[in-house]
Amino acid sequence: MNNTSINDTSTKQSSTSEFAKQGTGPRFLIIGAGMAGILAAIKLQEAGYTNMCVYEKASELGGTWRENTYPGVACDVPSQLYSYSFAPNPEWSHFFSPGNEIEAYLKDVAARFDVMKYIQFNAEVTRLEYKEGRWHLQAEGGKQDIGDFIIAATGVLHHPSYPDIKGMDDFEGTSFHSARWDDTISLEDKRIGIIGTGSTAVQIVSALGGKVKELNVFQRTAQWVLKVENPTLDESDKKRYRENPDELRGLHDSLSRWFSDNFANAVVDADSEMVKLMEKLCVQNLEENIEDPLLREKLRPNYRAACKRLVISPDFYEAIQRPGVNLVTSKIDRIEKNGIRTVDGDLHELDIIVYATGFHVDAFMRPMGVFGRDGVSLADVWHDRPSAYLSISIPGFPNLFMLNGPNGPVGNFSLIEVAELQFDYIMQLIDQVLSGKCSEISATKEALERFDEERIEAAKKTVWVTGCRSWYLDDRGIPAAWPWTFDRFREEMAAPKLPNYEKV
Ligand code: NAP
């Protein structure tokens, strides 16, 4: 792409369908109208770029908060931190607010910042191809577009992972994944089985325990649970925040600082005092809140706290002891028409089975077909596993940038904060092109190889490799997450090291 093609898009764009709104200037194609896609649209518009389209597969925006509607869904990152820095929200109902409030917040921000007009709903992108210096996009129903830059904001935890258990199809009751909750079904009179004990299952147990006929929790591995209360923010708090936006901003910034200095730094150093403190608090939670010694031992993990993503809950241990709630630790043998049979021979009769079994975390943009320079396929490049320089750029895929891509900071962080830092960095790469310094930019192969070597080495110190199974680990058992401090991430995102980029 050269400067002419940036400014003179009229002829090229005549080949796109009417469906994609057109403007002048460089064209940006954003994939996904979740938290990160909305952020990209707002930031681009703010920078004066209005020739863009956000392609969204669903009929509503909201990403993970649209898809996860299970009882108890909430964000266990404090709401004041899980907010855009430029759109503090005085109206949060809780310290950790529920999912539907977050979805409403995203919709409200998209409307307030006037970016709804850029979103094309029901338009799942199926193919992206880099040809003659531009990205050619195909979406569902034969829709097409041509753009100069791709911002892939497709999320991390969005392809449900189902277990491979014998007889799943034989079950005659209702079954669904936690991210495909069937809201039409009444629950009170049902015997429910939940497979899994991750952050999702824990929230469901807290919400449903004692309120349904029976709740059987099938635990393969016990979880460490950090007890953090979830206070309600009352009208006086909201009024104060409305009247003092600086206080709200200050709260965002101080929470961000606290997470960086404490949690984020701790998990990347398994020997740190903070990890030891988290372990102590988790043990204390278990000892103090589970009365029955047998149940306590069933719930006691045999690996280090925070090795798996730390579960944060004010009341899981209380919920698991409510009447009608059973913790099943015998291994699942098979699923039968009436329920789940465990290897001890017991049949747990059920009306509903919930698979709270997590996500395929290595999919990112896939299954979309993405073809970079010289027709190279992303499916081939990522055949073994996904990787991207600083989680943002892939060699050979010029002018394509990812928000919350592979190897970024994930886990108990605000992914909003991560995406904001990444977007500002991406804008600096895009500026290289728009200022005429080059027409294409993507990370060099060497930079990615060096980054991968360094992060694999650094990962050896993290708590994630201290002996547990988790979605942080790739197929080789190497943590795929950012293994350094959050301050290092901030420093990296402050300005691109341009020698690490191939500029054509
Ligand atoms: P997850 O953490 O991957 O947990 C999956 C659970 O399913 C684990 O307990 C796992 O057991 C179990 N499991 C998987 N396959 C199984 C099988 N074949 N048989 C028996 N058990 C099986 O998934 P998640 O709970 O949905 O959470 C995923 C991520 O989403 C979280 O880590 C977090 O990042 C995010 N999340 C965030 C929030 C929030 O509040 N911010 C809430 C929910 C989710 P093992 O432990 O033995 O593997």
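In case you missed it, the structure is sitting above this.
Anyway, here's the lowdown on the structure attached to this text.

Another point: the sheet that holds strand β18 (residues 369-371). Sheets are built from strands paired through backbone hydrogen bonds, the pairs being either parallel or antiparallel. Pairing is mixed in the open sheet, where 4 strands are placed in the order β6-β5-β4-β18. At either end of the open sheet lies a strand with only one pairing partner, and these are β6 (143-147) and β18. Taking the axes of each pair of neighbouring strands and ignoring which way they run, one obtains an average angle of 15° across the sheet.

Summed over all chains, the structure comprises 23 aromatic pairs. Their ring planes at 50° and their centres at 5.1 Å tell us that Y130 and W135 sit as a pair that is tilted. The buried category is assigned to Y130, whose relative accessible area is 8%. With a relative accessible area of 0%, W135 lands in the buried category. Between the aromatic rings of F486 and F489, the centroid separation amounts to 5.6 Å while the plane-to-plane angle is 45°, which identifies the pairing as tilted. In this pair, F486 and F489 are both assigned in helix α15 (residues 486-494), 3 residues apart and thus about one turn of the helix distant. In this pair, the class of F486 matches that of F489, namely buried. Through pairs of rings, three or more aromatic residues link up here, namely Y389, F451, W482, W484, F486, F489 and Y501. The positively charged end of R240 is found above the aromatic ring belonging to Y241, 5.1 Å away from the centroid. A cation sits over an aromatic face here: R488 above W484, 3.9 Å from the ring centre.

Looking now at the packing of helix α3 (residues 35-46) against helix α13 (residues 415-434). For the pair α3 and α13, interaxial distance at closest approach is 10 Å and the crossing angle is 40°. Between α3 and α13, the interaxial angle falls into the category oblique. Crossing geometry of α3 relative to α13 is assigned as right-handed. Residue-level inspection shows M35, A36, L39, A40, K43 and L44 of α3 in contact with α13, the latter providing L415, I416, A419, E420, F423, D424 and M427.

When you line up the elements, S79 lands in the loop between α4 (64-67) and α5 (99-112). When the C-alpha atoms of S79 and I102 are compared, they prove to be 8.5 Å apart, with 23 residues separating the residues in sequence.

This part takes up the site of the ligand. Every one of the 23 residues lining the ligand counts as a neighbour, but T200, T221, K308, R309 and W471 are closest to it. Between the ligand and S199 there is a distance of 3.2 Å, counted from an oxygen atom to a backbone nitrogen or oxygen. Within the side chain of W471, a nitrogen or oxygen atom sits 2.8 Å from an oxygen atom of the ligand. Protein contact buries 85% of the 920 Å² of open area that the ligand shows by itself.

Let us now look at the environment of D170. Inspection of the secondary structure puts D170 in the loop between β7 (149-152) and β8 (174-177). With 16 residues separating them along the chain, D170 and S186 place their C-alpha atoms 22 Å apart. Here D170 is in contact with I335, E336 and K337, once residues within four sequence places are set aside.

Turning our attention to the nonpolar core. Counting 122 residues, the largest nonpolar core has Y84 and I320 as the members making the most contacts within it. Broken down by element, the residue count for this core peaks at 11 residues, all from α13. Each of domain 1 (12-159 + 360-444) and domain 2 (168-224 + 268-355) accounts for three or more of the residues forming this core. Aside from chain neighbours lying at most four places away, what touches I320 is V205, V217, I290, L295, L299, V325 and L327. If you look at the next biggest cluster of nonpolar residues, it comprises 25 residues, including L29, I31, M368 and I394.

It is worth spelling out unusual backbone geometry at this point. Cis geometry marks the peptide bond from R366 to P367, where omega comes out at 15°. Counting through the fold element by element, P367 comes out in the loop between β17 (352-355) and β18. If you check the backbone angles, D374 has positive phi at about 60° while not being a glycine. Along the polypeptide, D374 turns up in the loop between β18 and α12 (378-381).

As summarised here, the arrangement of the 5 strands in space is β8-β17-β9-β10-β13, forming an open sheet in which the pairing is parallel. Of all the strands in the sheet, just β8 and β13 (325-328) have a single pairing partner and so form its edges. In this sheet, adjacent strand axes meet at a mean angle of 15° when their direction is disregarded. Where strand β10 (residues 214-218) lies against β13, 4 bridges are found, and the strand directions are parallel. Along β13, the bridge assignment pairs N216 with N326. Those strands touched by helix α6 (residues 199-208) are β9 (191-195), β10 and β17, and its axis lies near 160° from that of β9.

A separate point is the state of the cysteines. A full pass over the atoms with the stated rule returns 1 disulfide. Here C307 connects covalently by a disulfide to C468, the sulfurs 2.1 Å from one another. Taking the torsion about the S-S bond as the criterion, the C307 to C468 disulfide, at about -95°, is left-handed. Of this pair, C307 sits in the loop between α10 (293-298) and β12 (311-312) while C468 sits in the loop between α14 (445-459) and α15, and the two are 161 residues apart along the sequence.

Rules used in this analysis
Residues numbered from 1 in each chain as written. Predicted model: local features only at pLDDT ≥ 70, side-chain atom pairs only at ≥ 80, totals over all residues. Heavy atoms only, no water. Pairing = 2+ DSSP bridges. Helix = DSSP H or I, 4+ residues; strand = E, 2+ residues; numbered from the N terminus. Axes fitted to C-alpha atoms, helices over the stretch in contact; angles between N-to-C directions. Phe/Tyr/Trp six-rings, centres within 6.5 Å; stacked < 30°, edge-to-face > 60°. Buried < 20%, exposed > 50% of the residue type's maximum accessible area, 1.4 Å probe, protein only. Lys NZ or Arg CZ within 6 Å of the ring centre and 35° of its normal. Parallel < 35°, antiparallel > 145°, perpendicular 65-115°, else oblique. Left-handed = near helix turned anticlockwise from the far one by under 90°. Contact = heavy atoms within 4.5 Å. Near = heavy atom within 4 Å. Polar contact = N/O pair within 3.5 Å; in protein donor to acceptor, adjacent residues only side chain to side chain. Areas by Shrake-Rupley, 256 points an atom, 1.4 Å probe, with all protein chains shown as cover. Core = buried A, V, L, I, M, F, W, Y, C linked by side-chain atoms within 4.5 Å. Domains from an automatic or database assignment. Disulfide = S-S within 2.5 Å.

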